[in-house]
Number of protein chains: 2
Amino acid sequence: MNKSDDISSFFSPKGVAIVGASQTPGKIGHEIVRNIKLSGFSGGVFPVNPNAENVLDLKCYGRLSDIRAEVDLAVIAVPAGLVEGVVRDCIEKGVKAAIIITSGFSEVGNKELEERVVSIARRRLRIIGPNTFGVFYAASRLNATFGPGKVLWGKTAFITQSGALGLALMDWTTEEKYGVSSIVSIGNKADVDDADLVEYFSRDPSTSSILIYMEGLRDGRKFFEASRRAVREKPIVVIKAGRSARGARAASSHTGSIAGQDTIFTAAFEQAGIMRAEGMTQAFDWIQALNENPVPKGENVVIVTNGGGLGVLATDKCEGLGLKLAELPNDLKDEIKAITPSFGSVKNPIDLTANADDVLYGKVLDIVLRRRDVDCVIALFCQTANIDPILVAQAMLDARDRDILEKPITAAFVGGHLSQVAYSRMLEKRFAVYPSAERAVDAMYALMARHRQLEKFKGGGELR
Amino acid sequence: MNKSDDISSFFSPKGVAIVGASQTPGKIGHEIVRNIKLSGFSGGVFPVNPNAENVLDLKCYGRLSDIRAEVDLAVIAVPAGLVEGVVRDCIEKGVKAAIIITSGFSEVGNKELEERVVSIARRRLRIIGPNTFGVFYAASRLNATFGPGKVLWGKTAFITQSGALGLALMDWTTEEKYGVSSIVSIGNKADVDDADLVEYFSRDPSTSSILIYMEGLRDGRKFFEASRRAVREKPIVVIKAGRSARGARAASSHTGSIAGQDTIFTAAFEQAGIMRAEGMTQAFDWIQALNENPVPKGENVVIVTNGGGLGVLATDKCEGLGLKLAELPNDLKDEIKAITPSFGSVKNPIDLTANADDVLYGKVLDIVLRRRDVDCVIALFCQTANIDPILVAQAMLDARDRDILEKPITAAFVGGHLSQVAYSRMLEKRFAVYPSAERAVDAMYALMARHRQLEKFKGGGELR
């Protein structure tokens, strides 16, 4: 049995016990039971608390050993001093995985207790945490966290070393319509670490990309080796905080991590084929583009815009990021010229001008998407008086549906209320859409980076 | 009479004629009349069209000379071939300023016609355009554009060389609650150029910052000299598109601009004290921070957060941008320690942890804002289970109200629906708030850059 099999009980358990379940709303031990109950998890749910008859209408057990049914996952939310005993109970009961929510371990200097707990568990019980807000896994409808009850399902596994940030992002992904296949609050990484999770998610059919917020690593070699294998299957995007000297100190007082030399991390990420994002916005932009699009088959980028200025800004950004704007062949130019206003540009960016309507926009997208000498399209939209953003959004969605050559498209919508409505609608339809030209280009950059990576693999080569 | 006096009729005219007014909704000559009428402009409004009796219930005149009342601004929306004659009519009537909406001039290669029109007007009639969507000026309640009828009033004069992008941003600023004091679609800059406008807005009491979207300059020396003077009064932020070779080509086919060597622009912007933003998002982030805050009096930055991870990300960004995180003196640490949970950090970033509530958040902000050894505060918020974002927003707003030392504050709200509501409320209350830690830091960077600039001026020195 290999390691990733070892940790499957965190995600697809048959039965979950919540040790330290509480009847009091607002308490962590209550919220976790509530979230598991409401998320639609189909396995057994067993609150454990010697002082309660039931929690949220679920029969409550005095001890783990009182439960007759199989329990393979325990969520532990008891005071730090009681954790050791509960871990022993888990082993006795045959529990395979424990999420230790409790804080007060290595993150506050209490390394000894943490090591003792791990050494008790070793080889019999895998541990996520301590000091975590839990695990969400969409495919099992399991929300074993004290975070928001409502999470939007999607394709990204999100691993976070920061609790508060992770909780906030859990809410944020739902609000912004970015779905997740899983969220793991990795806590102190006393046992299960980023490497284990990367390996697991690289084989998880419900996950198509992996996003990590990381402050430090205990075992760099293990992580980079796991990642090097995993990126052959799925893209990995990392936000590595603590890149500056001062940031590293802050990380150290936050999670007790040794952030390490940033230049070494940068080199190692690159070598392993991990995409390092500068911050949250960029990371989610990239992930969205990677999730909602096929990977481009070549380097030829075409920009279509109804605003010349947006086209220029996008061109600057493309050049800055090393994206190659295709020189359009004459027959393509002629085809576009035949239907665009006389003062539009048929160079690349293709500028349809502010006079363009959604019909023209859709036609030009069709022309471009049909070409084998075009590999991907950045579609930019400026709201002007004579065009309805919602119709343009529909035109883009329709063009994507007709895109039988499976080219990636990223889009930007700039404008007022109607543009926002159009933008939201496109997000809902899982279109990689952004509120500025720069971000739509940066998102395409992520897709191109993935293309280049896959080309190297095709060549049989290792990434280097 | 100096130049900026010359152009005041564009912004505060006594009477406006719309030459080429139309009865047909959707036509540019109709939309402009409608916008002027609906914006609440108190001067005379005179549609001119020989084939109409009235437009939108306003009496319509056959020619400019038929109007008895004073007309100092004409908005010209007739076909290109008729513009020359209308300009002659303007001069005859004593009009001082003309906005030529009409396109089909130098931007499509028709330089001769453009030069002829300008030479007729020279010294008697100032021209904005041709090829513009018009001028909005909040203080006169004048919306002489064919853009959106509703524009949010604020403190920034926005000058745009791109029509479609400008129109889209006009809508966007309202949707995003960024107000503008003026929007000028500068068009082909045949006469009035960026330099004239920078000079005018530097003295305009309703404007406190200037934002320019620029593709190229005809008279660089004039612009940089005007800006060098203007930045002593108000910050200027520029988005200069066409920075890449390919982008410059796109700019050339878009507005016929010669984008010029980008490195020369970069140096010249810096020398003139102009802040160059990388794109729209950054430009508006900076402008918002500059508009809604006093300038810091020193370099000491303090970060307050309830999420350690956000604190680390912000610290990295600060260090990347050369913002100095203050070393907190012991008495300040003690004061904070006395009220924060034991496992919070009283280093800088001050981490109140996910257990913080709005009351604690407000108290810590008060402590920090009262200190003379703190110059500015970056307040970061992560939505977690036990804290109400709307109360935190209120705590931040209250702390700002009590901030008698007038320190700048930028904030970030990361979370779900309630965080978005809190964020919107803060924007409405004119608080410089952002959806990510990085952007809140970048906004503070703009304020610090302005501080450093003003310090140089104080020293009697020129910027260099």
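Owing to the predicted nature of the structure, the values given are computational and were not obtained by experimental measurement.

Enquirer: Please give an account of the domain arrangement of chain A that cites residues and values.
Expert: Residue and element names in this part refer to chain A. When its domains are assigned, chain A resolves into domain 1 (1–133), domain 2 (151–292) and domain 3 (294–457). Each of domain 2 and domain 3 has a C-alpha centre, and these two points are 29 Å apart. When the two sides are added together, the surface that domain 2 and domain 3 hide from each other amounts to roughly 1800 Å², 51% of it contributed by carbon and sulfur. Counting every contact that joins domain 2 to domain 3 gives three salt bridges. A salt bridge links arginine 439 to aspartate 285, with the shortest nitrogen-to-oxygen separation between them at 2.7 Å. Applying the counting rule to domain 2 against domain 3 returns nine residue pairs in polar contact (both at pLDDT 80 or more). Elements with a minimum of two residues in the side of domain 2 that touches domain 3: β10 (153–160) and α10 (280–292). A total of eight residues in the side of domain 2 that touches domain 3 trace back to one element, the largest contributor, which is α10.

Enquirer: Lay out the packing of aromatic side chains with the relevant residues and their values.
Expert: Taken as a whole, this structure holds 34 aromatic pairs over all chains when the rule is applied. Between B:Phe133 and B:Phe146 the ring centres are 6.5 Å apart and the planes differ by 80 degrees, which places this aromatic pair in the edge-to-face class. Note that B:Phe133 is positioned in the loop between β7 (126–128) and β8 (134–137) and B:Phe146 in the loop between β9 (142–145) and β10 (153–160), a separation of 13 residues in sequence. The same class applies to B:Phe133 and to B:Phe146, which are both buried. Members of the aromatic cluster, joined through ring pairs, are A:Phe10, A:Phe11, A:Tyr137, A:Tyr200 and A:Phe201. Above the ring of A:Phe265, the side-chain terminus of A:Lys240 is found at 4.4 Å from the ring centroid. Above the face of the B:Tyr61 ring, B:Lys59 is positioned so that its terminal group lies 4.8 Å from the ring centre.

Enquirer: Which residues make up the relation of the copies chain B and chain A, and what values go with them?
Expert: Mapping chain B onto chain A calls for a screw motion: a turn of 180 degrees about the axis and a shift of 0.0 Å along it, with 0.0 Å RMSD after fitting. Taken together, these values place the two copies in the relation of a two-fold axis. Every residue of chain B has its C-alpha some distance from the rotation axis, and the shortest such distance is that of B:Thr281, at 6.0 Å. Taken together, the interface assignments show that 100% of the residues at the interface of chain B recur at the interface of chain A, consistent with an identical surface on both copies.

Enquirer: Can you lay out helix α10 (residues 280–292) of chain B for me, pointing to particular residues and giving the numbers?
Expert: Spanning 13 residues, α10(B) covers 18 Å between terminal C-alpha atoms, matching the ideal 18 Å at 1.5 Å per step. When α10(B) is considered as a whole, its buried residues turn out to be B:Met280, B:Gln282, B:Ala283, B:Phe284, B:Asp285, B:Trp286, B:Ile287, B:Gln288, B:Ala289, B:Leu290, B:Asn291 and B:Glu292.

Enquirer: Any chance you could break down the sheet that holds strand β5 (residues 73–76) of chain A for me, citing the residues and the numbers?
Expert: Residues and elements named next belong to chain A. Here five strands make up an open sheet; going across it, the order is β2-β1-β5-β6-β7 and the pairing parallel. This sheet does not close on itself; its edge strands, each paired only once, are β2 (44–48) and β7 (126–128). Strand-to-strand twist across the sheet, computed as the mean angle between neighbouring axes with direction ignored, equals 20 degrees. Bridge count for strand β6 (residues 97–100) against β7 is three bridges, and the pairing is parallel. Within β7, the position partnered with isoleucine 99 by the bridge is isoleucine 128.

Enquirer: Quick rundown of the interface of chain B and chain A? Include the residues and the values.
Expert: With 64 residues of chain B at the contact, the number on the chain A side is 64 residues. Per-residue buried area on chain B facing chain A is highest for B:Arg246, B:Val312 and B:Asp316; these three make up 14% of the total on that side. Inspection of the chain B/chain A interface yields four salt bridges. Among the ionic pairs, B:Glu327 bridges to A:Arg249, the shortest N-O distance being 3.8 Å. When the residues that make up the side of chain B that touches chain A are grouped by side-chain class, the tally is 27 nonpolar, 22 polar and 15 charged.

What counts, and at which threshold
- The numbering scheme is per chain: residues are counted from 1 as the chain's sequence reads.
- The naming scheme follows written order: chains are lettered A onward, ligands numbered 1 onward.
- Residue-level local features of this predicted model are given only where pLDDT is at least 70; pairs of side-chain atoms are given and counted only at 80 or more, and the full residue set underlies all totals for whole chains, interfaces and linings.
- Think of the side-chain values as coming from all heavy atoms in the structure, minus any hydrogens and water.
- Annotation comment: domain bounds sourced from an automatic or database domain assignment.
- Joining two parts hides part of their accessible area as seen by a 1.4 Å probe, and the buried area is that hidden amount summed over both.
- Salt bridges are defined as contacts in which a side-chain nitrogen from Lys or Arg sits within 4 Å of a carboxyl oxygen from Asp or Glu.
- Each polar contact in these results corresponds to two N or O atoms within 3.5 Å; when the atoms are within protein, one needs to be able to donate a hydrogen and the other to accept it, and residues that are neighboring in sequence are counted only if both atoms are side-chain atoms.
- In this text, helices come from DSSP runs of H or I with a minimum length of four residues, and strands from runs of E with a minimum of two, each type numbered from the N-terminal end.
- Whether two aromatic rings pair depends on their centres lying within 6.5 Å, for rings of Phe, Tyr and Trp, where Trp uses its six-membered ring; planes under 30 degrees apart make the pair stacked, over 60 edge-to-face, and the rest tilted.
- Under the scheme applied here, a residue whose accessible area is under 20% of the maximum for its type counts as buried, over 50% as exposed, and between as partly exposed, the area being computed with a 1.4 Å probe on protein chains only.
- Lysine and arginine charges are scored as sitting over a ring when NZ or CZ, respectively, is within 6 Å of the ring centre and within 35 degrees of the ring normal.
- The copies were overlaid with a least-squares fit restricted to C-alpha atoms from residues scoring a pLDDT of at least 70 in each copy.
- The contact rule is simple, with two residues in contact once any of their heavy atoms fall within 4.5 Å.
- To estimate the expected span of a helix, subtract one from its residue number and multiply by 1.5 Å.
- Two strands qualify as a pair provided DSSP detects at least 2 bridges between them.
- To get an axis, fit a line to the C-alpha atoms, keeping to the stretch in contact for a helix; angles then go from 0 to 180 degrees between the N-to-C directions.
- In this count, Pro and Cys sit with the nonpolar residues alongside Ala, Val, Leu, Ile, Met, Phe, Trp and Tyr, while Asp, Glu, Lys and Arg are called charged and the others, Gly among them, polar.

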